[in-house]
Amino acid sequence: MPLGTLDRNPPPFFRQGPSALSRLLFFSALSLFLMVADVRFHITQPLRGLVDTALYPLQWVVLQPVRAAQNAGEYFESLHAAQQIEQDARRSLAQQSQRANQVEQLLQENARLRELLALSERFKAEGQAAEVLYDAPDPYTRRIVIDRGQLKGVALGSPVIDEAGVLGQVTRVDPLLSEVTLVVDRDFAIPVLNTRTGARSVAYGDPLAGGGGLELRYMPANADVQAGDLLSTSGVDGVYPPGLPVARVDKVERRADSAFARIHCLPLGLVAASRHVMVLNPLGGQVPPRPQPEPMASGRKGGRK
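Per an unreviewed UniProt entry, the protein goes by the name Cell shape-determining protein MreC and belongs to Curvibacter microcysteis. Recorded in UniProt under Function (unreviewed entry), the annotation for the protein is "Involved in formation and maintenance of cell shape." Check the Sequence similarities (unreviewed entry) section of the UniProt entry for the protein; it says "Belongs to the MreC family."

Before going further, it helps to examine the overall build of the protein. Per the secondary structure count, the protein includes 3 helices and 12 strands. Within the protein, buried positions represent 27% of all 305 residues. Residue pairs at least 24 apart in sequence account for 57% of intrachain contacts in the protein once pairs closer than 6 positions are excluded. Carbon and sulfur atoms form 59% of the exposed surface of the protein, whose accessible area is close to 21500 Å².

Let us now look at the sheet that holds strand 5 (residues 178-182). The 6 strands are arranged 1-2-5-4-3-12 in a closed barrel whose pairing can be described as antiparallel. On average, each strand axis in the sheet is tilted by 45 degrees relative to the strand beside it, whichever way the strands run.

One closed barrel holds the 6 strands; their spatial order is 6-7-8-11-10-9, and the pairing between them is antiparallel. Adjacent strand axes in the sheet meet at a mean angle of 40 degrees, parallel and antiparallel pairs treated alike. Pairing analysis gives 4 bridges linking strand 7 (residues 200-206) to strand 8 (residues 213-220), with the strands arranged antiparallel. By the bridge assignment for strand 8, alanine 203 is matched with leucine 216.

Moving on, we come to the nonpolar core. Among the nonpolar cores identified, the biggest contains 39 residues, and Val166, Ile190, Leu214, Leu216, Ile263 and Cys265 are the most heavily contacted of them. Ignoring sequence-local partners within four residues, the contact set of leucine 216 consists of Val192, Ser201, Val202, Ala203, Leu231, Ala261, Ile263 and Cys265.

We now examine the packing of aromatic side chains. Applying the stated criterion across every chain yields a total of 3 aromatic pairs. Geometrically, the ring pair formed by tyrosine 75 and phenylalanine 76 is edge-to-face, given 5.4 Å between the ring centres and 70 degrees between the ring planes. Looking at phenylalanine 76, the relative accessible area reads 54%, which means it is exposed.

Sheet topology note: the strand 8/strand 11 (residues 260-267) ladder contains 5 bridges and is antiparallel. Note on strand 11: the bridge partner recorded for leucine 216 is isoleucine 263.

Another aspect to go through is the pattern of salt bridges. Inspection of the entire model under this criterion finds 12 salt bridges. The salt bridge partner of arginine 91 is aspartate 88, with a shortest N-O separation of 3.0 Å. One end of the pair, arginine 91, and the other, aspartate 88, are both in helix 2 (residues 45-122), 3 residues apart, so they sit about a helical turn from each other. The exposure class assigned to arginine 91 is partly exposed, which follows from its relative accessible area of 44%. We classify aspartate 88 as partly exposed; its relative accessible area is 34%. We note a salt bridge from aspartate 229 to arginine 196, for which the minimum N-O separation is 2.8 Å.

Attention now goes to the pairing of strand 11. Both strand 10 (residues 245-253) and strand 11 contribute to a ladder of 6 bridges, which runs antiparallel. For glutamate 253, the partnering residue across the bridge sits in strand 11 and is arginine 262.

One full turn of an α-helix is made of 3.6 residues, so residues set three or four places apart face in the same direction. The end-to-end C-alpha distance of helix 1 (residues 20-41) is 31 Å, a good match for the 32 Å that 22 residues give at a rise of 1.5 Å each. Among the 22 residues that make up helix 1, 2 are buried, leaving the element largely open to the surroundings. One or two positions beyond helix 1, positive phi appears at histidine 42, with a value near 55 degrees.

Below, the discussion takes up the side chain of serine 234. Mapped onto the secondary structure, serine 234 falls in the loop between strand 9 (230-233) and strand 10. By relative accessible area, serine 234 is classed as buried at 15%. Not counting chain neighbours up to four residues away, the residues in contact with serine 234 comprise Pro191, Val192, Leu193, Arg200 and Pro242.

Let us now look at the side chain of threonine 233. Positionally, threonine 233 belongs in strand 9. If we ignore the near neighbours within four places in the chain, the residues touching threonine 233 are Val166, Ile190, Pro191, Tyr240, Pro241, Pro242, Gly243, Leu244 and Val246.

With that settled, consider the confidence of the model for the protein. For the protein, the mean per-residue pLDDT works out to 80, and 78% of the residues sit at or above 70. Contacts of residues 286-305 to residues separated by more than four positions or lying in other chains number 4 contacts, the stretch itself having pLDDT below 50.

A word on a nonpolar patch on the surface. Among the surface-exposed residues, Phe26, Phe27, Leu30, Phe33, Leu34, Phe41 and Ile43 lie close enough to one another that they form a single nonpolar patch of about 740 Å² accessible area. Its relative accessible area of 61% is what places phenylalanine 41 among the exposed residues.

With that out of the way, let us pick up the environment of aspartate 206. With respect to the helices and strands, the residue aspartate 206 is situated in strand 7. Sequence-wise, aspartate 206 and valine 183 are 23 residues apart; in three dimensions their C-alpha atoms are separated by 8.5 Å. When sequence neighbours within four positions are dropped, the list of residues in contact with aspartate 206 reads Val184, Asp185, Gly212, Gly213, Leu214, Glu215 and His264.

Here is what the cut-offs are and how they apply
- Per-chain numbering applies: the sequence of each chain, read as written, is numbered from 1 onward.
- For this predicted model, a pLDDT threshold of at least 70 governs which residues receive local features, and a threshold of 80 or more governs which side-chain atom pairs are given and counted, while totals over whole chains, interfaces and linings are taken from all residues.
- As a convention, hydrogens and water are excluded, and side-chain values are obtained from all of the structure's heavy atoms.
- UniProt positions are given in the numbering used here, feature names are shortened, and annotations may be inferred rather than shown by experiment.
- Each helix is a run of H or I in the DSSP string that is no shorter than four residues. Each strand is a run of E no shorter than two, and both are numbered from the N terminus.
- We call a residue buried when its accessible area falls under 20% of the maximum for its residue type, exposed when it is over 50%, and partly exposed in between, using a 1.4 Å probe and counting protein chains only.
- For this analysis, residues touch if any pair of their heavy atoms sits within 4.5 Å.
- Only the protein chains shown count as covering a residue, and every accessible area follows the Shrake-Rupley method with a 1.4 Å probe.
- Any two strands with at least two DSSP bridges between them are considered paired.
- As a rule, the C-alpha atoms of each element are fitted with a line to give its axis, helices using only the stretch in contact, and angles between N-to-C directions run from 0 to 180 degrees.
- Nonpolar cores were defined as sets of buried Ala, Val, Leu, Ile, Met, Phe, Trp, Tyr and Cys residues, with membership established by side-chain atoms within 4.5 Å.
- Between the rings of Phe, Tyr and Trp (Trp by its six-membered ring), a pair exists once the centres lie within 6.5 Å; its type follows the angle of the planes, with under 30 degrees stacked, over 60 edge-to-face, and the other angles tilted.
- Whenever a carboxyl oxygen of Asp or Glu lies within 4 Å of a side-chain nitrogen of Lys or Arg, that contact is scored as a salt bridge.
- Expected span of a helix, by definition, is 1.5 Å for each gap between consecutive residues, and there is one gap fewer than residues.
- Per-residue confidence from the predictor is reported as pLDDT, which spans 0 to 100.
- By definition, no residue in a patch forms a salt bridge, and every one has over 30% relative accessible area; like charges are joined within 9 Å, nonpolar side chains (Val, Leu, Ile, Met, Phe, Trp, Tyr) within 5 Å.

Laid out in structure tokens, this is it:
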């Protein structure tokens with residue numbers, strides 16, 4: 001076959017077209033043109049909006065796991081912060097409640113001490129303040145222990161009062177402590193005076209009464225005693241100053257088969273709640289001693305001659 005008849009053009013598969021440099025320059029110029037035109041004339045704005053609208057569902061689906069993870073992290077962080085705030089609030093509330101209770105307790109103690117001092121000043125009784133430490137361990141008696149003893153000048157038999165009235169009497173004295181028998185003890189007795197009628201009697205402790213009380217024994221059935229009568233110390237025993245409130249008559253029982261009335265009284269002193277008390281000097285100890293006469297001198301001096 002003659003060589004002049006051969007086709008010297010490359011097959012379609014190997015056709016190169018424009019050179020790579022030409023295409024680079026063309027597309028670079030086109031990109032630069034489009035950028036300048038978009039900045040000046042916003043010609044690609046509709047196309048960009050269309051693309052954004054078309055890709056928004058896909059973007060929303062892809063972002064959901066990320067948002068779920070962020071929301072879960074924020075939820076647990078906020079839950080931990082809320083729990084911490086709740087714990088701090090509870091702790092602060094407990095502290096404020098404790099402080100409020102302490103303030104209330106201090107106010108009550110202050111009021112009771114003021115009433116106690118006012119009662120002591122009203123009856124012109126000498127004494128000293130004491131604090132109740134604890135109840136006596138004997139379950140068959142009603143006694144308390146206070147923080148004053150012989151070293152503080154507490155004497156055996158000293159009356160003990162609180163802001164409401166007579167509380168009891170000192171029945172045992174140690175160097176640092178003293179034991180006080182309360183008015184509701186079964187072995188306690190105190191002379192009293194009915195402030196309404198002026199009749200004197202003796203009140204005995206009655207621990208079997210609800211919470212502890214007193215009883216006026218051996219009173220005639222026709223005695224002029226009524227519920228609500230105030231009983232105060234009569235002062236005839238030489239221990240208690242007269243006029244100290246002791247109890248108030250609660251109930252009077254008169255029976256046809258008995259010559260005596262049963263008279264139940266409620267103590268005015270806080271026998272179960274006193275914390276601060278006043279220990280008075282016994283009435284006999286407050287009276288100045290009578291001056292002793294001087295011994296008579298002998299009529300004559302000197303010995304026998």
